[in-house]
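What follows is the residue order along each chain.
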Amino acid sequence: MHATTVSAGTIQSQLKGVNSGATTRWQERLIRYRKTIDNLVVDITNPYQISTAERAALAVRIKHANMAIYRCQSADNIDPDGLTALAAQLGLGVPDRNLCADEDGLSKIQVEKISARQRYIPYTNKPLNWHTDGYYHTPDRIIRTMLLHCVRPARHGGTLEAMDHEIIYGLLREQHPRLAEALCRPDAMTIPENRPKDGPHRAECSGPVFFWNAGVLCMRYTARKQNVIWKHDNQTREGVAALEEILSRSGDLILRRRLRPGEGLVSANVPHRREAFKDSPQAHETRLVYRGRYTSALQI
Ligand SMILES: [Fe+2]
């Protein structure tokens, strides 16, 4: 099967960013990031028409942390149409359609007991480990933005964690540039082809973990151990281990939030995970989160 490769672009020139004279810039970003994730929530009065101040508040958080949390004043005034309207105001177009998406491109993430979706972990109440959305996509379908909107939380659990990939990249370089360089190589991570009996075929896709697209650092990653093939060399093994270490030991650099009704995370597809949860026995009170994936970058 023909493999596709995510272009590493002008990686070598960009790699110098966290070193030498840029160290101060990196340290400044780290300081700003810490402050920002402690104050990530922006109240939105009307999701159909966000105000100039609300837009500016979202923009500054996205600039410094690659993510923001919006909180609708009334949880009832935002439905899929409201989400589509909000996304459009953030410069996002039509969501990337996947198998489980509705007509409007949004996916309802909830526990599925009957449908074929239950084979996918997002549609169960199990924990979902660190990943970026669409890490298995080909280069023409990079997910640059991800939105998660909470309609109803679980009775217990379901907390979301997220960490800015620019910070992860900087920490890797700070530890040793070769760790980041290993994960920038165009054959660092391969997702094998998938040929399900009852679904569309997906071609093998090789690419870097970190790469630049239109001058912006992007990340594709999954912490899963199956269906991912890492480049077989010491440098890659070392890079992957360092990345895992950062994700498991950077508690103070990780956003941790149990989204409430009417709240949502909008991010430049930063790595995230979800803890296991327990639903209410009442069918109309079970956890429901809308997810939108966009190939457009946030423009705000
Ligand atoms: Fe996700």
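Residues numbered from 1 in each chain as written. Predicted model: local features only at pLDDT ≥ 70, side-chain atom pairs only at ≥ 80, totals over all residues. Heavy atoms only, no water.

This brings us to the sheet that holds strand β14 (residues 255-257). Think of a sheet as strands paired side by side through backbone hydrogen bonds, with each pair either parallel or antiparallel. Pairing is antiparallel in the open sheet, where four strands are placed in the order β5-β16-β8-β14. In the strand order of this sheet, the two ends are held by β5 (128-131) and β14, each with one partner. Across the sheet, the mean angle separating the axes of adjacent strands is 10 degrees when strand polarity is ignored. The pairing of strand β8 (residues 160-162) with β14 spans three bridges and is classified as antiparallel. In the sheet register, L160 faces β14, and the bridge partner there is R257. (Pairing = 2+ DSSP bridges. Helix = DSSP H or I, 4+ residues; strand = E, 2+ residues; numbered from the N terminus. Axes fitted to C-alpha atoms, helices over the stretch in contact; angles between N-to-C directions.)

For the rest of this paragraph, the subject is the pattern of salt bridges. Under the definition given, this model contains 18 salt bridges. Across the salt bridge formed by R71 and D43, the nearest N and O atoms sit 2.6 Å from each other. Of this pair, R71 sits in strand β3 (residues 67-72) while D43 sits in strand β2 (residues 41-44); the two residues are 28 residues apart in sequence, bridging distant segments of the chain. Note on R71: relative accessible area 30%, which makes it partly exposed. Between R256 and E161 there is a salt bridge, with its nearest N and O atoms 2.7 Å apart. (Salt bridge = Lys/Arg side-chain N within 4 Å of Asp/Glu carboxyl O. Buried < 20%, exposed > 50% of the residue type's maximum accessible area, 1.4 Å probe, protein only.)

A separate point is the side chain of H137. The residue H137 is located in the loop between β5 and β6 (145-152) in this model. Looking at H137, the relative accessible area reads 8%, which means it is buried. Of the polar contacts made by the side chain of H137, one reaches the backbone oxygen of R141; its length is 3.0 Å. In this structure H137 touches D96, I143 and C205, once residues within four positions along its chain are discounted. (Polar contact = N/O pair within 3.5 Å; in protein donor to acceptor, adjacent residues only side chain to side chain. Contact = heavy atoms within 4.5 Å.)

We now examine a negative patch on the surface. Residues D79, D81, E103 and D104 make up a contiguous surface patch of negative charge. Structurally, the position occupied by D81 is in helix α4 (residues 80-89). (Patch = residues over 30% accessible without salt bridge, like charges linked within 9 Å, V, L, I, M, F, W, Y side chains within 5 Å. Areas by Shrake-Rupley, 256 points an atom, 1.4 Å probe, with all protein chains shown as cover. Lys, Arg positive; Asp, Glu negative; His and termini not counted. Charge placed at Lys NZ, Arg CZ, Asp CG, Glu CD.)

H131 (NE2), D133 (OD) and H272 (NE2) make up the full set of protein donors to the iron ion, lying at 2.1 to 2.2 Å. Spacing between the donor residues of the iron ion along their common chain follows H-x1-D-x138-H. Assigned by exposure class, H131 and D133 land together as buried. (Donors = N, O, S within 2.8 Å, 3.2 Å for Na, K, Ca; no water.)

To continue, consider the nonpolar core. In terms of nonpolar packing, the biggest core is built from 50 residues, with M67, M163, I168, L172, V209, F210 and Y221 touching the most fellow members. Residues in contact with L172, not counting those within four places in the same chain, are P177, L179, A180, L183, F210, G239, A242, L243 and I246. Core analysis: the next-biggest nonpolar cluster, separate from the first, contains 21 residues, L58, A68, I78 and L92 among them. (Core = buried A, V, L, I, M, F, W, Y, C linked by side-chain atoms within 4.5 Å.)

Quick look at the packing of helix α2 (residues 23-37) against helix α3 (residues 52-65) now. In the contact formed by α2 and α3, the axes pass within 8 Å of each other and the chain directions differ by 130 degrees. Classified by the angle their axes make, α2 and α3 are oblique. In the crossing of α2 with α3, the sense of the turn from one axis to the other is left-handed. Here R29, R32, Y33, T36 and I37 of α2 come into contact with α3, specifically with R61, K63, H64 and A65. Tallied by class, residues from the contact of α2 with α3 come to three nonpolar, two polar and four charged. (Parallel < 35°, antiparallel > 145°, perpendicular 65-115°, else oblique. Left-handed = near helix turned anticlockwise from the far one by under 90°. Nonpolar A, V, L, I, M, F, W, Y, C, P; charged D, E, K, R; others polar.)

Below, the discussion takes up the sheet that holds strand β15 (residues 263-267). The mixed open sheet is built from six strands, whose spatial order is β2-β3-β15-β6-β18-β4. In the strand order of this sheet, the two ends are held by β2 and β4 (107-109), each with one partner. Here the average twist between neighbouring strands, direction ignored, is 25 degrees. Sheet topology places β3 next to β15; five bridges connect them, and they run antiparallel. Within β15, the residue paired with I69 across the bridge is L265.

What follows covers α2. For α2, spanning 15 residues, the distance from its first C-alpha to its last is 21 Å, which sits close to the expected 21 Å at 1.5 Å a residue. Against the buried residues of α2 lie α3, β3, β8, α5 (165-175) and β14. (Expected span 1.5 Å × (residues − 1).)

To continue, consider the packing of helix α6 (residues 177-184) against helix α7 (residues 234-249). Between α6 and α7, the least distance of the axes is 8 Å, while the angle of their chain directions is 105 degrees. Taken as axis vectors, α6 and α7 run roughly perpendicular relative to one another. For the pair α6 and α7, contact is made by R178, L179, E181, A182 and L183 and by Q235, T236, E238, G239, V240, A242 and L243, respectively. Looking at the contact of α6 with α7 residue by residue, the classes come out as six nonpolar, three polar and three charged.

Distances and angles like these do not, on their own, reveal function.
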